[in-house]
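# Tertiary structure, described
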Amino acid sequence: LTSSLAVVSRHMEDYNALFNLVESRLQNEYFDNRISFTQKIFVKTQLENIADNHTQVKLLRNTFNGKTCIVIAGGPSLDSNIQWIKDNQKNIFIIAVSRIAGKLTNFGVSVDIVVCVDPQDASFDVSRGMFDLNDKTLLVHSYHVSPKILSQWPGKCMYMGQRFPWKNDADIDNITTVGPTVTNSAVRLAIEMGFTRILLSGVDFCYSKSGYSHASGTIEASLGPRLGHNTIWVETYDGHQAETLIQLKYAMESLEYEAKTYTNVEMINLCSHAAKISGITYCDPTTITLDSFTTKKIALSL
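Residues numbered from 1 in each chain as written. Predicted model: local features only at pLDDT ≥ 70, side-chain atom pairs only at ≥ 80, totals over all residues. Heavy atoms only, no water.

### Examining the packing of helix α4 (residues 78–87) against helix α5 (residues 98–107)
Let me state the cut-off plainly: The convention used is that axes are lines fitted to C-alpha atoms, helices contributing only their stretch in contact, and that angles between N-to-C directions extend from 0 to 180 degrees. Runs of E in the DSSP output that reach at least two residues are strands. Runs of H or I that reach at least four are helices, and both are numbered from the N terminus. Angle categories: roughly parallel below 35 degrees, roughly antiparallel above 145, roughly perpendicular from 65 to 115, and oblique for all the rest. Should the near helix be turned anticlockwise from the far one by less than a right angle, the crossing is left-handed, and should it be turned clockwise, the crossing is right-handed. Residues are treated as being in contact if the distance between any of their heavy atoms lies within 4.5 Å. All amino acids are sorted into three groups, where Ala, Val, Leu, Ile, Met, Phe, Trp, Tyr, Cys and Pro are nonpolar, Asp, Glu, Lys and Arg are charged, and the leftover types, Gly among them, are polar.
In contact at an axis separation of 11 Å, α4 and α5 are set at 50 degrees when each is read in the N-to-C sense. On the basis of the axis angle, α4 is oblique to α5. For α4 against α5, the interelement crossing comes out right-handed. When α4 is examined against α5, the residues Leu78, Asp79, Ile82, Gln83 and Lys86 are found in contact with a partner set consisting of Ile100, Lys103, Leu104 and Phe107. Of the residues belonging to the contact of α4 with α5, the class tally is five nonpolar, one polar and three charged.

Right, dumping it as structure tokens:
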């Protein structure tokens, strides 16, 4: 999409509105079609991972019925919740996305499960901090996760989805990956594990007021605020408007579907600045009462 000199100079106010409209429609079309255009990499990584996709994550199904967990993503709101998470980590099961796992470990938070799904090689760079986790952390990954990550993970791991790119009876009832973001897959994993209360931290799905898309300490945050992008406006829990990208809007819709489908699971976002999602409530973490965990150990021989 190339702007004419008239659009760049904004000789008419309507030019700007028209340009934003056209750009938004192009982004939507690009996002909708990109999934079809990138199927090759999913199959390629699936084949490369066959040897390492050895244990199905369905073994974790209903292992923590009635308990509380927290799904931690890389949104900027994590910075305001991380101390509370550290102080209460003994009484809450912690599931973190791979890109933020290193930050949590460096802060003194012990991650029980780290989730990684991206097949792109760049995933290894943004998730490199996960290799600082201790041997008690379980990696749950998609069948198409980047082979660079899976082949070098030194601990125990389990896969989501299908091991082979063809029909296989053994994979029929395995827990599947849910898109479009790793956060969506992490939430589905928590639901399948039987947790009846899922807390969300860093699950903003929108930019912060200062224009940041990720928590401090991440590669994205080090690049500074994201400015000048064509974005969508969404409402936050505190009633303000925030900018977001089309792919994050799809992620919000996917999470809304999960909340409406699994009505027996209470989902709570710990940040008032996060994008508001129907079926998910906001609650100040200091008002949450947690039951003590007798054990968070996953009793499996992998």
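There is more to say, and it comes next.
### Here's the deal with the nonpolar core
To be explicit about the condition: To qualify as a nonpolar core, a set must consist of buried Ala, Val, Leu, Ile, Met, Phe, Trp, Tyr and Cys residues joined through side-chain atoms within 4.5 Å. Three exposure classes are used, based on accessible area relative to the maximum for each residue type with a 1.4 Å probe and protein chains only: buried under 20%, partly exposed in between, and exposed over 50%.
Core analysis: the biggest nonpolar cluster contains 77 residues, and Phe93, Ile95, Ile113 and Ile198 have the highest contact counts within it. With six residues, the top contributor of residues to this core is helix α8 (residues 182–192). In this view, Phe93 contacts Phe64, Thr68, Cys69, Ile70, Asp112, Ile113, Met193, Phe195, Phe293, Lys296 and Ile298; residues no more than four positions away in its chain are not counted.

### Things to note about the packing of aromatic side chains
How we decide: Note on aromatic contacts: the rings of Phe and Tyr and the six-membered ring of Trp form a pair at centre separations within 6.5 Å, being stacked when their planes are under 30 degrees apart, edge-to-face when over 60 apart, and tilted otherwise. As a reminder, the over-ring test applies to NZ of lysine and CZ of arginine, requiring each to be within 6 Å of the ring centre and within 35 degrees of the ring normal.
Throughout the structure, instances matching the rule amount to eight aromatic pairs. Between Phe64 and Phe93, the aromatic rings sit 4.8 Å apart at their centres with planes inclined by 50 degrees, giving tilted as the arrangement. With a gap of 29 residues between them, Phe64 in the loop between α3 (39–48) and β1 (68–72) and Phe93 in strand β2 (residues 93–97) connect regions that are remote in the sequence. On the accessibility criterion, Phe64 (7% relative accessible area) is buried. Relative accessible area serves as the criterion here: at 0%, Phe93 is assigned to the buried category. Taking 6.2 Å as the distance between ring centres and 55 degrees as the angle between the ring planes, the aromatic pair formed by Phe131 and Trp153 counts as tilted. Pair noted here: Phe131 is in the loop between α6 (122–126) and β4 (138–142) and Trp153 is in the loop between α7 (147–152) and β5 (157–160), with a separation of 22 residues, a long-range link. Classification of Trp153 by relative accessible area gives buried; the value is 9%. By the ring-pair criterion, three or more aromatic residues cluster together here, those being Phe64, Phe93, Phe195 and Phe293. In this structure, Lys86 is placed above the aromatic ring of Phe107, and the distance from its NZ or CZ to the ring centre is 5.2 Å.

Function cannot be read off these values alone, since they describe shape.
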